[in-house]
Amino acid sequence: MNSSDPRAFLQALDMNLRTACCASSLLSFLLVAPTAAQVLRPGDLVVTNYSPPNLFVVDRGGVATAVPGAAGALSGPAGVAASPDGAALVCDFNGNRLVRFAADGSSSIVASSLGGPIRVAVDRDGSAIVTAISPPRIVRVLMNGTVIPLTTFSSSSQRPFGVCIDPDRSIVFTMDLAPALRRLDPSTGIVTPIAVGAPLRLPQGVSLFQNGDWAVIDGVTDSVFRVARATSAITTWVSNATLAGNPEGIWPSDDGGFFVAQSAANNNRIALIDAAGATTTFTQGPPFSNIEDCARLPELRGPLAPLVTGPGGQAVLSLDHGSTSAARPYSIVLSGGAWQGFPLPADPRAFTIDGDSLFVATFMSDIPPFFVGFTGLLDASGRANGAIDLSFLPPGLLAGVTLYAQAFDLVPPGPYGGYDFGRFSNVAALRFQ
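Residues numbered from 1 in each chain as written. Predicted model: local features only at pLDDT ≥ 70, side-chain atom pairs only at ≥ 80, totals over all residues. Heavy atoms only, no water.

Q: How should the overall build of the chain be read in this particular structure?
A: Along the backbone of the chain there are four helices and 35 strands. The globule rule puts the C-alpha radius of gyration for 433 residues at 22 Å, and the 21 Å found for the chain is close to it. For the chain, the spread of C-alpha atoms along the principal axes amounts to about 60 × 50 × 40 Å. In the chain, which comprises 433 residues, the share counted as buried stands at 55%. If you take every contact in the chain between residues at least 6 apart in sequence, the share linking residues at least 24 apart comes to 53%. With an accessible surface of roughly 16300 Å², the chain has 55% of that area assigned to carbon and sulfur atoms. If the 25 positive side-chain charges of the chain are averaged to one point and the 32 negative ones to another, these points end up 4 Å apart. (Helix = DSSP H or I, 4+ residues; strand = E, 2+ residues; numbered from the N terminus. Rg over C-alpha atoms; globule rule 2.2 N^0.38 Å. Buried < 20%, exposed > 50% of the residue type's maximum accessible area, 1.4 Å probe, protein only. Contact = heavy atoms within 4.5 Å. Areas by Shrake-Rupley, 256 points an atom, 1.4 Å probe, with all protein chains shown as cover. Lys, Arg positive; Asp, Glu negative; His and termini not counted. Charge placed at Lys NZ, Arg CZ, Asp CG, Glu CD.)

This is the structure:
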């Protein structure tokens, strides 16, 4: 194996490593399982309510409860994003600050004086990308409170609004008043257009389809547009008649669809749109009164810090699908790429990670000693841990490479026997240095 070529490692996983020796003990690396005392639980939605100010969690069954103390900690919550470590980051627009809510519900101010923070996305390293509107700008906020300006716009009509992180870690954002979808290179500050003008009228949120196209919600047309990555062509994916409400925020459901936060005098709800564009109500009505944004807390968690091969090359992926998935078969699958995805045959859902050789090698299969606990049965709480041990490999073998992990469980489909796909987790990015 050529240690300078990480592709050789991926090929070896697919062809050779199934016969590797028995795994060494990695129990000391397992993450502590979440406890019942958690307020923010994996798989929950976190939802901001602008007025009166509050933060809600919505469980997998659609039941909403207020985060204790959130009403007093926030004065005008707007955007929200889920952090890879299980926290929620909230743009407190009236408070002019970014607030972090830990898994136990406690809050802390990450950064202040941000200039009207309106939406937030979280990069793979855990830093926050915040759009602000007074002055209109985009900043990076480190979790130690450091604010790094990325770009500022000269006109108030050019304010950035919705934001997401693209596969290459560039920043894709909407401009609502000068309708457009644009890209920011965070290393150079250069902004380039993706799609400008009609049919966009008030684009307020953006997210990624599993194949890398962009989903854009529009607050005037009250629809969801699809912007093709290859051509920038814009089509209506979910119409006003189907959505039937004012979309404010969008977050991927991890199986090819999206959660869409909607706010209207007679319709505060979270809509769930499947990969085929069919829309249902996930939760609706009280306690919501002025929904602003939503985000789903990660069910699959891994290390934020870059990994290594060779000495110290151990890590854990922690999966929590909840007690409704208790004792189900599961698999954590790896891939060398994401956002081409892997659509399922005869099923509207899709994987977000690519179906490459590493995907095939890890699908429902451990590869000891490198990957252990990647398949099996979830415990009584719907949890499992997958251990990674790359200490046997040459140091630096995967330096600069990012691998992607996604998990799923299996359910019996009914009286005909066999299994079908159940829940899909978020994608966890594993960066190497």
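Q: I tried to follow the sheet that holds strand β21 (residues 258–262) on my own but got confused; where do I start?
A: Within a sheet, each strand pairs with its neighbour through backbone hydrogen bonds, oriented either parallel or antiparallel. Spatial strand order, β20-β21-β22-β23: four strands in an open sheet with antiparallel pairing. Each edge of the open sheet carries a strand with a single partner, namely β20 (247–252) and β23 (279–284). Going from strand to strand, the sheet's axes swing by 25° on average, the running direction of each strand aside. As judged from the five bridges shared by strand β22 (residues 269–273) and β23, these two strands associate in the antiparallel manner. Bridging across to β23, Arg269 finds its partner in Gln284. (Pairing = 2+ DSSP bridges. Axes fitted to C-alpha atoms, helices over the stretch in contact; angles between N-to-C directions.)

Q: What exactly am I supposed to notice about the environment of Ala241 here?
A: Mapped onto the elements, Ala241 comes out in helix α3 (residues 240–243). Measuring from C-alpha to C-alpha, the distance between Ala241 and Phe225 comes to 13 Å, with 16 residues separating the pair along the chain.

Q: Can you help me understand the nonpolar core in this one?
A: Buried together is how nonpolar side chains tend to be arranged in soluble globular proteins. One finds Leu40, Val46, Leu98, Phe101 and Val141 to be the most contacted residues of the largest nonpolar core, which totals 42 residues. Once residues within four sequence positions are removed from consideration, Val46 is found in contact with Leu40, Leu55, Phe56, Val57, Val80, Ala88, Asp293, Cys294, Ala295 and Leu297. Of all hydrophobic cores here, the second largest spans 28 residues; its members include Ile332, Phe371, Ala384 and Leu398. (Core = buried A, V, L, I, M, F, W, Y, C linked by side-chain atoms within 4.5 Å.)

Q: What should I look at first to understand the pairing of strand β4 (residues 77–82) in this one?
A: Put simply, side chains in a regular strand alternate between the two faces of the sheet. With six of six residues buried, β4 is to be regarded as a mostly interior element. Two elements, β4 and strand β5 (residues 88–92), share four bridges in a ladder whose sense is antiparallel. Among the inter-strand pairings, Ala82 is bridged to a residue of β5, identified as Ala88. Between the end of β4 and the start of β5, which pair antiparallel, lie five residues, with Gly86 showing a positive phi angle near 95°.

Q: Is there a simple way to think about the environment of Ser207 in this case?
A: Relative to the helices and strands, Ser207 is located in strand β16 (residues 203–208). Sequence spacing of Ser207 and Asp166 is 41 residues, and the spatial spacing of their C-alpha atoms is 8.9 Å. When sequence neighbours within four positions are dropped, the list of residues in contact with Ser207 reads Cys164, Asp213, Trp214, Ala215, Ile250, Trp251, Pro252 and Phe258.

Q: Would you explain the sheet that holds strand β13 (residues 171–175) in this entry?
A: As summarised here, the arrangement of the four strands in space is β12-β13-β14-β15, forming an open sheet in which the pairing is antiparallel. The sheet is open, and its two edges are formed by β12 (160–165) and β15 (191–196), each paired on a single side. With direction set aside, neighbouring strand axes in the sheet form an average angle of 25°. Here β13 pairs with strand β14 (residues 180–184) via five bridges, running antiparallel. Bridging across to β14, Val172 finds its partner in Arg183.

Q: Quick question: what am I supposed to make of the packing of aromatic side chains here?
A: The description of an aromatic ring pair rests on the distance of the ring centres and on the angle between the ring planes. Evaluation of the coordinates by the stated rule reveals 19 aromatic pairs. Taking the centre distance of 6.2 Å and the plane angle of 85° together, the rings of Phe370 and Phe392 count as edge-to-face. Of this pair, Phe370 sits in the loop between α4 (357–362) and β30 (371–372) while Phe392 sits in the loop between β32 (383–389) and β33 (402–411), placing them 22 residues apart in sequence. With a relative accessible area of 47%, Phe392 lands in the partly exposed category. By the ring-pair criterion, three or more aromatic residues cluster together here, those being Phe342, Phe351, Phe359, Phe363, Phe408, Phe421 and Phe424. The ring of Phe209 has Arg226 lying over it, and the distance from NZ or CZ to the ring centre is 3.8 Å. (Phe/Tyr/Trp six-rings, centres within 6.5 Å; stacked < 30°, edge-to-face > 60°. Lys NZ or Arg CZ within 6 Å of the ring centre and 35° of its normal.)

Q: Got a minute to help me understand the side chain of His321 in this structure?
A: Summarising the element assignment, His321 is placed in the loop between β26 (314–320) and β27 (329–335). A polar side-chain atom of His321 sits 2.9 Å from a polar atom in the side chain of Asp409. Filtering out sequence-adjacent residues up to four positions away, His321 remains in contact with Arg60, Glu299, Leu378, Gly382, Ala407, Phe408, Asp409, Arg423, Phe424 and Ser425. (Polar contact = N/O pair within 3.5 Å; in protein donor to acceptor, adjacent residues only side chain to side chain.)

Q: Just checking my understanding: could you explain the pairing of strand β18 (residues 223–227) for this structure?
A: A large share of β18 lies buried, amounting to four of its five residues. Hairpin connection from strand β17 (residues 214–218) to β18: four residues lie between these consecutive antiparallel strands, with Asp222 at a positive phi of about 50°. Here β18 runs beside strand β19 (residues 234–238); their pairing, made up of four bridges, is antiparallel. Bridging across to β19, Val224 finds its partner in Val238. Hairpin connection from β18 to β19: six residues lie between these consecutive antiparallel strands, with Ser232 at a positive phi of about 65°.

Q: Please clarify how the pattern of salt bridges should be interpreted in this entry.
A: Counted under the stated rule, the structure contains 20 salt bridges. Across the pair Arg60 and Glu299 runs a salt bridge whose closest N-O atoms are separated by 2.9 Å. Of the two residues, Arg60 is situated in the loop between β2 (54–58) and β3 (64–66) and Glu299 in the loop between β24 (291–296) and β25 (300–301); the sequence distance between them amounts to 239 residues. Among the residues examined, Arg60 registers a relative accessible area of 25% and is labelled partly exposed. Residue Asp166 pairs with Arg229 through a salt bridge whose shortest N-O separation is 2.8 Å. (Salt bridge = Lys/Arg side-chain N within 4 Å of Asp/Glu carboxyl O.)

Q: Teacher, can you tell me more about unusual backbone geometry here?
A: Negative phi values dominate among residues other than glycine, just as trans dominates among peptide bonds. A cis geometry characterises the amide bond from Ser134 onward to Pro135, with omega recorded as 5°. Topologically, Pro135 is positioned in the loop between β9 (128–133) and β10 (136–141). Note the cis peptide between Pro368 and Pro369, where omega equals 5°. Within the fold, Pro369 resides in the loop between α4 and β30. Backbone geometry at Ser232 places phi at a positive 65°, although glycine is not the residue there. Residue placement: Ser232 occurs in the loop between β18 and β19.

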